[in-house]
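Listed here are the chains, written in short residue letters.
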Amino acid sequence: MSSRNNKIITSEQLIRAYMLGIFPMSDSRTNKKIFFVDPKFRAIIPISNFRISKSLLRLVKKKPFEITMNRAFSDVIKSCATINRTETWINKEIESLFISLYEMKYAHSVECWKDNKLVGGVYGLAIGGVFFAESMFSAMPNGSKIALLNLVARLWRTG
């Protein structure tokens, strides 16, 4: 894993970066270099006041997908980088770093399945009481929305 100055980035350094509020990106899927972003503001999802549309609520009640957690992390992050995208900030180095963080139990995914096929998902990083949702994908309508809704529900239930 390299940064713009070609130094190796370890999983531990990436965790420290997130704790400081900065996160990795790349210019493209094929660019091997990683740079860090230090935004003035980060979006915060209000877990206790999370709102969804009535139509999405009706769909969720029909249980259109089988929902799992951490069953297909590698497939979710790869799909986030490739499904329905012409460009992405998730290069293979970032993907590899997050797979290492998954193996260390820091990174997690929520998956949506239809007929045993992965059709939606979201992944991110859990550090202490914070979950950094990084990306989501949908190969089928509402797959990413339902994955995010399940993530929010799990975060709410676990406090």
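These remarks concern the structure in this document. (Residues numbered from 1 in each chain as written. Predicted model: local features only at pLDDT ≥ 70, side-chain atom pairs only at ≥ 80, totals over all residues. Heavy atoms only, no water.)

Things to note about the side chain of S26
- Tracing the backbone through its elements, the reader meets S26 in the loop between β2 (23-25) and β3 (33-37).
- In this structure the side chain of S26 is engaged in a polar contact, spanning 3.1 Å, whose partner is the backbone oxygen of S28.
- Setting aside its immediate chain neighbours within four residues, S26 contacts N31, K33, F35, T88, W89, N91 and I94. (Helix = DSSP H or I, 4+ residues; strand = E, 2+ residues; numbered from the N terminus. Polar contact = N/O pair within 3.5 Å; in protein donor to acceptor, adjacent residues only side chain to side chain. Contact = heavy atoms within 4.5 Å.)

Some thoughts on the layout of surface pockets
- Each pocket or cavity is described by its volume, and for the largest pocket that value is around 590 Å³.
- Lining the largest pocket are 21 residues, with I45, V130, F131, F132 and A133 sitting closest to its centre.
- At the level of elements, β7 (130-138) and α5 (143-158) are the ones that each hand at least two residues to the lining of the largest pocket.
- In the lining of the largest pocket, the residues fall into 15 nonpolar, four polar and two charged. (1 Å grid on protein atoms, 1.4 Å probe; cavity = no way out; pocket = protein on both sides within 12 Å on 5 of 7 lines; lining within 4 Å. Points joined across faces, edges and corners; volume = space filled by probe spheres on them. Nonpolar A, V, L, I, M, F, W, Y, C, P; charged D, E, K, R; others polar.)

Digging into the pairing of β7
- In the sheet, strand β6 (residues 117-127) pairs with β7 via eight bridges, with the strands oriented antiparallel. Its bridge partner being in β7, G121 is matched across the sheet by F137.
- Linking β6 back to β7 in an antiparallel pair, the connection comprises two residues, with G128 at a positive phi of about 60 degrees. (Pairing = 2+ DSSP bridges.)

Some remarks on the environment of G143
- Looking at the secondary structure, you find G143 in helix α5.
- G143 sits in the buried class, given a relative accessible area of 0%.
- Taking C-alpha positions, G143 is 17 Å from R51, a pair spaced 92 residues apart along the chain. (Buried < 20%, exposed > 50% of the residue type's maximum accessible area, 1.4 Å probe, protein only.)

Side note on the packing of helix α1 (residues 11-19) against helix α4 (residues 92-103)
- Packing of α1 against α4 brings their axes to within 10 Å, and their N-to-C directions diverge by 90 degrees. Here α1 is positioned roughly perpendicular relative to α4, judged by the angle of their axes. Residues S11, L14, I15 and Y18 of α1 form the contact with α4, whose own contacting residues are L97, F98, S100 and L101.
- A class-by-class count of the residues in the contact of α1 with α4 yields six nonpolar, two polar and no charged. (Axes fitted to C-alpha atoms, helices over the stretch in contact; angles between N-to-C directions. Parallel < 35°, antiparallel > 145°, perpendicular 65-115°, else oblique.)

Some details on helix α3 (residues 73-82)
- Listed as buried for α3 are F73, V76, I77, S79, C80 and A81.
- Of the residues flanking the end of α3, it is N84, one or two places downstream, whose phi is positive at about 55 degrees.

A word on the side chain of T88
- Relative to the assigned elements, T88 resides in the loop between α3 and α4.
- By relative accessible area, which is 7% here, T88 ends up buried.
- Within the structure, the side chain of T88 is placed 3.1 Å from the backbone nitrogen of I90, a separation counted as a polar contact.
- Filtering out sequence-adjacent residues up to four positions away, T88 remains in contact with S26, D27, S28, R29, C80 and A81.

Distances and angles like these do not, on their own, reveal function.
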